[in-house]
Amino acid sequence: MGLLFKEIDSQSSPIGEISLRRRRIPALGDRDIYEVKLGEEFLMSSMFYEAEIALADLGLAAVEGESLSVVVGGLGLGYTAVAALKDRRLGELLIVEYLETVIHWHHQEKVPLGKELNADPRSRYVHGSFFDMAVAEDGGFDPQAPGRLFDAILLDIDHSPRALLHHGNASFYTVANLGRMARQLRHGGTFALWSQDPPDAEFMQVMDAVFINTAAHIIPFFNPFQNGEATNTIYVGVKA
C-alpha cells in the first residue's frame, strides 16, 4: 500500500503479538489513522475515540472536589487519559497498563498523544495488571503509596463486560470484585467503564449492587464504514 500503510512497531507480549500501525484511507481525507492490534484483533483505532473521551468527561463530571486523584485503567492510544488531564480539577493521574510495549510507544512518542501525556507533570504510567491491582487485599493502584484512595477510576480494557480480551477478566465484573475495587475509592468517588456494546441490564444490576446514582450513557458517533451512526456505552456509578 506504499505510503498509505506503515507498521510502526510489533512486539511479543504476555497475551500475544501486539502491533502499532498507521494508515491513510483516501476516502476519509488527509488524516493519519493509528491502530493497535493484538494478533488479528483490533484493540484501538484513532478513527473512533468519542466514547473514550466521554469516559473521562462523564466519570469526572460525577465526582465533586478539587485536586482529584484519578486512575485510568488501559492506556490504549491515550484519549481517555488526555481528556482527564483537560479537567482543571485534576491533580494527579495514574495510567495503569498491562502491556509494557504500549507504555513504551507513549514514552517514545510513536503515537500522537504521547507527547502531551509525557509533558504533563500530573500524569504517571504504572506498569501492571489493573484487574490484579483492583482486587488486591493490600497495595492497590499506586505502588508508591499502597492503600491510598482515589476520586475516580476510569476503565477501558475489555470490549465489554461480556466481550473480554482474556477469559480470566470475567470475575472482575461481579458484585464481589467491583466491591473490592471500590474500597480504593473515597466516599463520593466514581467508577466509569467503557463498553462497545449497548447497555447490559444484567451488568447494570451488578453496578446497582455496588454503587449509587448509576447510569448507562449511550455515546453516538459516525462510522464511515457503515455510513451511519454507531454507539458505545459508558457506565457510571458513585461510591456511597
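Below, the structure is looked at part by part. (Residues numbered from 1 in each chain as written. Predicted model: local features only at pLDDT ≥ 70, side-chain atom pairs only at ≥ 80, totals over all residues. Heavy atoms only, no water.)

Structural notes on the pairing of strand β2 (residues 18-23)
Selection criterion: Working definition: with a 1.4 Å probe on protein chains only, accessible area under 20% of the residue-type maximum means buried, over 50% means exposed, and in between means partly exposed. Helix and strand definitions follow DSSP, with helices as H or I runs of at least four residues and strands as E runs of at least two, each counted in order from the N terminus. Strand pairing requires that DSSP identify at least two bridges connecting the strands.
Burial analysis of β2 places five of its six residues in the buried class, the great majority of the element. Two strands pair when backbone bridges link them, and strand β1 (residues 5-11) and β2 are joined in this way by six bridges, in the antiparallel orientation. When the bridges of β2 are listed, S10 appears paired with S19. For β2 and strand β3 (residues 33-38), the ladder comprises six bridges, and the chain directions are antiparallel. Residue pairing for β3: I18 is matched across the bridge by L38.

Considering the pattern of salt bridges
This is how the line gets drawn: The salt bridge criterion pairs a side-chain nitrogen of Lys or Arg with a carboxyl oxygen of Asp or Glu, the two atoms within 4 Å.
Following the criterion strictly, the structure yields 16 salt bridges and no others. In this structure, the salt-bridge partner of D151 is R186, at a minimum N-O distance of 2.2 Å. With D151 in strand β8 (residues 150-155) and R186 in strand β9 (residues 185-195), this pair connects stretches of sequence that are 35 residues apart. With relative accessibility at 25%, the residue R186 sits in the partly exposed group. Several salt bridges converge on common partners, so that one network encompasses E92, R124, D142 and R148.

Brief notes about the packing of helix α6 (residues 175-182) against helix α7 (residues 201-210)
Applicable threshold: Throughout, an axis means a line fitted to C-alpha atoms (over the contacting stretch in the case of helices), and angles, computed between N-to-C directions, take values from 0 to 180 degrees. The cut-offs work like this: below 35 degrees is roughly parallel, past 145 is roughly antiparallel, 65 to 115 is roughly perpendicular, and the gaps in between are oblique. Should the near helix be turned counterclockwise from the far one by less than a right angle, the crossing is left-handed, whereas a clockwise turn marks it as right-handed. Contact definition: two residues touch when any of their heavy atoms are within 4.5 Å. Following the grouping adopted for this structure description, the nonpolar residues are Ala, Val, Leu, Ile, Met, Phe, Trp, Tyr, Cys and Pro, the charged ones are Asp, Glu, Lys and Arg, and the polar ones are all others, Gly among them.
Running from N to C, α6 and α7 point in directions that differ by 45°, and their axes come no closer than 9 Å. As summarised for this structure, α6 and α7 are arranged oblique, according to the angle between their axes. In the crossing of α6 with α7, the sense of the turn from one axis to the other is right-handed. For the pair α6 and α7, contact is made by V175, L178, G179 and A182 and by F203, V206, M207, A209 and V210, respectively. In terms of residue class, the contact of α6 with α7 is made up of eight nonpolar, one polar and no charged.

Things to note about the packing of aromatic side chains
Formally: Put simply, two rings from Phe, Tyr or Trp (the six-membered ring, in Trp's case) pair if the centres are within 6.5 Å, and we call them stacked under 30 degrees between planes, edge-to-face over 60, tilted for the rest.
With the rule as written, the count across this model stands at twelve aromatic pairs. Seen from their ring centres, F130 and F141 are 4.9 Å apart, and the 25° between their planes marks the pair as stacked. On the criterion of sequence distance, the pair formed by F130 in helix α5 (residues 130-135) and F141 in the loop between α5 and β8 is long-range, its members being eleven residues apart. We note that F130, like F141, is buried. Residues F191 and F211 carry aromatic rings whose centres are separated by 5.7 Å and whose planes lie at 20° to one another, so their mutual orientation is stacked. Of the two residues, F191 is situated in strand β9 and F211 in the loop between α7 and β10 (212-223); the sequence distance between them amounts to 20 residues. No difference in accessibility class separates F191 from F211, as the two residues are buried.

Without other data, these values stay purely geometric and don't point to any function.
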